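Breakdown of the fold
Given next are the chains, with one letter for each unit.
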Amino acid sequence: MERRTIGAGALAVGAVGLGCMPMSWAYSTSRQRGEESVRCVHRALDAGSSLLDTADMYGPFTNELLLGRVLRERRAEAFVSTKVGLLVGEQHIVANGRPGYVKRACDASLRRLQTDVIDLYQLHRPDPEVPIEETWGAMAELVRAGKVRSLGLCALGARGGRRSGAGLYDGTLRQLQRVQQVFPVAAVEAELSVWSPEALRTLLPWCEARGVGFLAAMPLGNGFLTGTLTPGEGFEPDDVRARHPRFTAEMMAANQPIVAGLRRVARRHGPEVTPAQVALAWVLSRGRHVIALPGTKRERFAAENAAAAALRLTPADRAEIARLPVAQGSWD
């Protein structure tokens, strides 16, 4: 697989990584099977998807434990990215950016992951009660202690603001400017896909200008852009899509032209090419500093996603995708 680099340290990873969250968090729990997920991680590594993206809150904790089973055998082949800063209760999630907590959380993640070092340690969400410089400073100390190789920030994508025209990532850009004064940012993780291109306007250019890697989260639109979801089929109550405005039966039907356009492009590249691969190729085409992080818990899709790194869109393909309608339904 094509390799891309993250940050000034030029940490090399496969262009398509693996988002591990669906294995134990946010999507239908009845379909979460540990052994299948372990096989999926192995398949991703076999295909060159070296960046494994997780977080201590996924599960909570069980996602890191699952990855640890694989890393125990294949640590040298993997680039491990995990996150800190969110605590999960029974009915709520709260931020914790206190320096002492950050250091304890890192040690706990290292134990669960069965590794001596985390390649990319990301701040999941800033704590409004703690200056971000203090949190970031504690994370920088972990780098100096040899427990972490590089630092990243997950971008805050405000659900409001689309209607008012406010900059979706203005707050994140201000935070990035602040933490850069403390310790270099190696990567920023934010949503980017054919139906959620907002990061292209300001966040992606900011990263490119500074040599910062961009980790494209949800590049398949929470599964919608794969073309495998049926409008009106419904989701289990614990599935995040059950509460997402774009996944009502009405909005899924209204957004089918986007999938149809991806399917047309796929057909031009051969009968085996899928809409999901076209969607991933579009994300990768946005810059050499972009790494796609599709999430899956199935071996088949891990291999299919990895193969998208070899798909090259033509100017005609990109023009057709640019003409696709804007997605309907938002958090407003």
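For the structure itself, look to the data block above.
All figures in this text were calculated on a predicted structure; none of them were measured in a lab.

Grouped together as the largest cluster of nonpolar side chains are 88 residues, with contacts concentrated most on Tyr121, Leu203 and Phe214. When residues in this core are grouped by element, the largest group, 8 residues, is from helix H9 (residues 275–284). For Phe214, the contacting residues outside a window of four places in its chain are Val188, Ala190, Leu192, Ala199, Leu203, Leu204, Cys207, His289, Val290 and Ile291. Counting residues in hydrophobic clusters, the runner-up holds 10 residues, among them Val13, Phe79, Ile291 and Leu293.

This part covers the pairing of strand S10 (residues 187–191). Buried residues dominate S10, accounting for 4 of its 5 residues. Relative to S10, strand S9 (residues 151–154) runs parallel, the two being bridged by 3 bridges. The residue bridging Leu153 from the neighbouring strand is Val188, located in S10. As paired strands, S10 and strand S11 (residues 213–217) are joined by 5 bridges and run parallel to one another. In the strand pairing of S11, Glu189 is matched with Leu215. Regarding topology, helix H6 (residues 203–210) serves as the crossover connection from S10 to the parallel S11, and that connection is right-handed.

The next thing to look at is empty space enclosed by the protein. Following the criterion strictly, the structure yields 1 cavity of 30 Å³ or more and no others. Approximately 30 Å³ is the volume found for the largest cavity. Forming the walls of the largest cavity are Gly17, Leu18, Ala44, Ser49, Pro294, Thr296, Phe301, Ala302, Asn305 and Ala306. Ranked by residue count, the leading element in the lining of the largest cavity is helix H10 (residues 299–307), at 4 residues. By residue class, the composition of the lining of the largest cavity is 6 nonpolar, 4 polar and no charged.

With that settled, consider the packing of helix H8 (residues 256–268) against helix H11 (residues 315–322). Two numbers describe how H8 lies on H11: the axes approach to 9 Å, and their chain directions differ by 170 degrees. One way to sum up the angle between H8 and H11 is to call them roughly antiparallel. For the pair H8 and H11, the contacting residues are Gly261, Leu262, Arg264, Val265 and Arg268 in the first and Ala316, Asp317, Glu320 and Ile321 in the second. Residue composition of the contact of H8 with H11, by class: 4 nonpolar, 1 polar and 4 charged.

Let us look at the sheet that holds S9. In spatial order, the strands read S3-S4-S5-S8-S9-S10-S11-S12; together these 8 strands make up an open sheet with parallel pairing. If you trace the sheet from one side to the other, it starts and ends with strand S3 (18–19) and strand S12 (290–293), each paired once. Packed on one face of the sheet, H9 meets S11 and S12 and runs near 155 degrees to S12.

All of the buried residues along H10 are Ala302, Glu304, Asn305 and Ala306. Tucked inside the fold, the buried residues of H10 contact helix H1 (34–46) and H9.

With that settled, the discussion passes to the packing of aromatic side chains. Evaluation of the coordinates by the stated rule reveals 4 aromatic pairs. Relative to Phe224, the ring of Trp195 lies with its centre 4.7 Å away and its plane at 0 degrees, an arrangement referred to as stacked. Here Trp195, found in the loop between S10 and H6, pairs with Phe224, found in the loop between S11 and helix H7 (249–254); they are 29 residues apart in sequence, far enough to count as distant. These aromatic residues form a ring-pair network of at least three members: Trp195, Phe224, Phe235 and Phe247. Positioned over the ring face of Trp195 is Arg246, at 4.9 Å from the centre of the ring.

Let's shift gears to the pattern of salt bridges. Pairs can form between side chains of opposite charge once their charged atoms are near each other. For the structure on display, the rule yields 20 salt bridges. We note a salt bridge from Lys83 to Glu189, for which the minimum N-O separation is 3.9 Å. Of the two residues, Lys83 is situated in strand S5 (residues 79–84) and Glu189 in strand S10; the sequence distance between them amounts to 106 residues. Comparing Lys83 with Glu189, the two get one shared label, buried. Between Asp107 and Lys147 there is a salt bridge, and its shortest N-O distance comes to 2.8 Å. Taken together, the residues span a long stretch of sequence, with Asp107 in helix H3 (residues 99–113) and Lys147 in the loop between helix H4 (132–144) and S9 at a distance of 40 residues.

This brings us to the state of the cysteines. Applying the stated criterion across every chain yields a total of 0 disulfides. Free of any disulfide, Cys20 has its nearest neighbouring cysteine sulfur in Cys40, separated by 7.5 Å. Classification of Cys20 by relative accessible area gives buried; the value is 1%. Residue Cys40 is classed as buried on the basis of its relative accessible area of 0%.

Thresholds applied
- Residues numbered from 1 in each chain as written.
- Predicted model: local features only at pLDDT ≥ 70, side-chain atom pairs only at ≥ 80, totals over all residues.
- Heavy atoms only, no water.
- Core = buried A, V, L, I, M, F, W, Y, C linked by side-chain atoms within 4.5 Å.
- Buried < 20%, exposed > 50% of the residue type's maximum accessible area, 1.4 Å probe, protein only.
- Helix = DSSP H or I, 4+ residues; strand = E, 2+ residues; numbered from the N terminus.
- Contact = heavy atoms within 4.5 Å.
- Pairing = 2+ DSSP bridges.
- Right-handed = clockwise from strand over helix to strand, strands pointing away.
- 1 Å grid on protein atoms, 1.4 Å probe; cavity = no way out; pocket = protein on both sides within 12 Å on 5 of 7 lines; lining within 4 Å.
- Points joined across faces, edges and corners; volume = space filled by probe spheres on them.
- Nonpolar A, V, L, I, M, F, W, Y, C, P; charged D, E, K, R; others polar.
- Axes fitted to C-alpha atoms, helices over the stretch in contact; angles between N-to-C directions.
- Parallel < 35°, antiparallel > 145°, perpendicular 65-115°, else oblique.
- Phe/Tyr/Trp six-rings, centres within 6.5 Å; stacked < 30°, edge-to-face > 60°.
- Lys NZ or Arg CZ within 6 Å of the ring centre and 35° of its normal.
- Salt bridge = Lys/Arg side-chain N within 4 Å of Asp/Glu carboxyl O.
- Disulfide = S-S within 2.5 Å.

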